[in-house]
Amino acid sequence: MLSTIDLNRKLPPDEYKKRLKHGQVRLREHARQLYLQKRSLIIVVEGWDAAGKGGVIRRLTEMMDPRGFKVYSIGPPEGEDRTHHYLWRFWRRLLPPEDKQVLIFDRSWYGRVLVERVEGFAKLDEWKRAYREINEFERQLTNHGMLLAKLWFEISAEEQLRRFQAREETPHKRWKLTEEDWRNRGKWQDYEEAVAEMLLKTSTATARWTVVEGNDKLWERVKSLQTVNELLDSALDRAPDGPDQPSGKNSKKKGRS
């Protein structure tokens with residue numbers, strides 16, 4: 001599935017600025033409608049190390065009312081979280097949603113079938129069972145009226161190496177690069193296999209994955225905004241107020257899985 005993704009897609013800077021601002025304004029209005037309709041949106045952000053997830057989250061939230069969203073940065077379970085089922089720590093962050101219209105998970109419950117699978121933190125039967133558990137978990141969320149957007153940020157191994165080296169050579173970015181990042185890179189093929197199976201088994205009618213081409217960060221940010229806005233246009237019964245489809249190379253392809 002990932003081999004069909006065109007990572008050469010790019011967006012010219014001038015067009016990026018226009019599309020970005022338009023998409024952010026649309027998302028701000030959507031967030032207001034979520035508030036008025038008493039609904040909530042969950043955005044799941046997953047991807048390779050150095051794939052630009054943080055930059056996308058900043059652009060998604062830049063024009064939102066800060067009272068209306070919350071970003072959860074998910075790491076390994078600690079304390080009480082370790083004594084419960086792996087989904088428990090996400091349930092307690094979702095219900096009730098703390099009066100927030102938009103909840104963003106920077107890493108998520110998919111760690112079960114990614115890092116926990118590859119690193120051996122979950123047993124074979126545990127991560128294999130997790131596909132069904134996750135699908136049922138997400139079905140309960142959408143049945144409850146929540147909206148769910150799932151974004152996977154795909155970059156090439158060569159682009160990841162370039163970004164790692166750039167971080168290593170830039171003092172104020174060096175803190176972003178850890179020994180764990182290099183160790184994970186050494187297991188690229190194992191992670192690629194885990195990602196492909198995750199996309200195949202957990203992309204459902206009500207909780208579809210969108211693969212976002214990430215070699216060009218400008219394209220990546222605009223497509224992420226576009227994906228979320230299109231979901232909200234449909235769910236909130238709001239017609240788009242103008243085009244925000246990136247018109248860079250091969251822009252007619254949606255890239256959804």
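Our subject is the structure that appears above.
A. Quick look at the nonpolar core. Among the nonpolar cores identified, the biggest contains 67 residues, and Ile 42, Ile 43, Phe 105, Trp 109, Tyr 110 and Trp 152 are the most heavily contacted of them. When near neighbours in sequence (up to four residues on either side) are disregarded, Ile 43 contacts Leu 60, Val 102, Leu 103, Ile 104, Phe 105, Ala 149, Leu 151 and Val 228.

B. How the structure looks around the packing of aromatic side chains. Scanning the entire structure with this criterion turns up twelve aromatic pairs. Through successive ring pairs, a cluster of aromatic residues spans Tyr 72, Phe 90, Trp 91, Phe 105, Trp 109, Tyr 110, Phe 137 and Trp 209.

C. A look at the sheet that holds strand β1 (residues 41-47). With parallel pairing, five strands are arranged side by side in an open sheet as β2-β3-β1-β4-β5. Each edge of the open sheet is held by one strand with a lone partner, namely β2 (69-73) and β5 (209-213). Strand-to-strand twist in this sheet, taken as the mean axis angle between neighbours without regard to direction, amounts to 20°. Pairing of strand β4 (residues 147-154) with β5 involves five bridges; the strand directions are parallel. The residue bridging Lys 150 from the neighbouring strand is Trp 209, located in β5.

D. Layout of the packing of helix α5 (residues 124-143) against helix α8 (residues 188-202). Running from N to C, α5 and α8 cross one another at 40°; their axes reach a closest spacing of 10 Å. Our classification of the angle between α5 and α8 gives oblique. Remark: the crossing between α5 and α8 carries right-handed chirality. Across the interface between the two elements, Trp 127, Tyr 131, Asn 135 and Glu 138 from α5 touch Glu 197, Met 198, Lys 201 and Thr 202 from α8.

E. The arrangement of α5 in detail. When the terminal C-alpha atoms of α5 are compared, their 30 Å separation across 20 residues agrees well with the 28 Å that a helix rising 1.5 Å per residue should span. At Ala 130, α5 is deflected by roughly 35°, the largest bend along its length. For α5, the secondary structure elements touched by its buried residues are β1, α3 (88-94), α4 (115-118), β4 and α8. Positioned one or two residues after α5, Gly 145 has a phi angle of 105°, which is positive.

So, how was this worked out
Residues numbered from 1 in each chain as written. Predicted model: local features only at pLDDT ≥ 70, side-chain atom pairs only at ≥ 80, totals over all residues. Heavy atoms only, no water. Core = buried A, V, L, I, M, F, W, Y, C linked by side-chain atoms within 4.5 Å. Buried < 20%, exposed > 50% of the residue type's maximum accessible area, 1.4 Å probe, protein only. Contact = heavy atoms within 4.5 Å. Phe/Tyr/Trp six-rings, centres within 6.5 Å; stacked < 30°, edge-to-face > 60°. Pairing = 2+ DSSP bridges. Helix = DSSP H or I, 4+ residues; strand = E, 2+ residues; numbered from the N terminus. Axes fitted to C-alpha atoms, helices over the stretch in contact; angles between N-to-C directions. Parallel < 35°, antiparallel > 145°, perpendicular 65-115°, else oblique. Left-handed = near helix turned anticlockwise from the far one by under 90°. Expected span 1.5 Å × (residues − 1). Bend = angle between axes of the 7 residues up to and from the residue.

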